[in-house]
Amino acid sequence: MAVAKDEMIRKKNREPIHGQEYRKIMVGSLKMVDLALSGYENPNEMIEFIGPDAIAYGYDQKEFLKPDGIEIIKVSKKIDDSKFKTKKILEDLGL
């Protein structure tokens, strides 16, 4: 699974709550994840390196890669923003 690099988050005018190495460890600890990597400059290189069976995109992500022979999964359900929105989590933590 690809974890966004800190500089990519900053390009979206947001500051990462946790550094990319910490996020990579947390994502990598999920049972369904075989390998967690920091995002590549060229996503096609990551696809070539990993050789995934599927690529999953969040409900708010553009499907920018659609390689032949790889299943594309689009998460269609938006999570409950009242509980899981980053801004709400930060407020609850007093940050």
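Draft legend 1. Geometry of the environment of Pro 67. The topology assignment puts Pro 67 in the loop between strand S3 (54-57) and strand S4 (71-74). Judged by relative accessible area, Pro 67 falls into the partly exposed class, the value being 22%. When the C-alpha atoms of Pro 67 and Ile 55 are compared, they prove to be 9.2 Å apart, with 12 residues separating the residues in sequence. Each residue touching Pro 67, except ones within four places of it in the same chain, is listed here: Ile 47, Ile 55 and Ile 72.

Draft legend 2. Structural detail: the side chain of Lys 5. One can find Lys 5 in the loop between strand S1 (2-3) and helix H1 (6-11). Salt bridges are absent for the buried Lys 5, whose nearest opposite-charge side chain, Glu 41, sits at 4.0 Å. The residues contacting Lys 5, other than those within four sequence positions of it, are Gln 20, Arg 23, Ser 38, Gly 39 and Glu 41.

Procedures and definitions
- Residues numbered from 1 in each chain as written.
- Predicted model: local features only at pLDDT ≥ 70, side-chain atom pairs only at ≥ 80, totals over all residues.
- Heavy atoms only, no water.
- Helix = DSSP H or I, 4+ residues; strand = E, 2+ residues; numbered from the N terminus.
- Buried < 20%, exposed > 50% of the residue type's maximum accessible area, 1.4 Å probe, protein only.
- Contact = heavy atoms within 4.5 Å.
- Lys, Arg positive; Asp, Glu negative; His and termini not counted.
- Salt bridge = Lys/Arg side-chain N within 4 Å of Asp/Glu carboxyl O.

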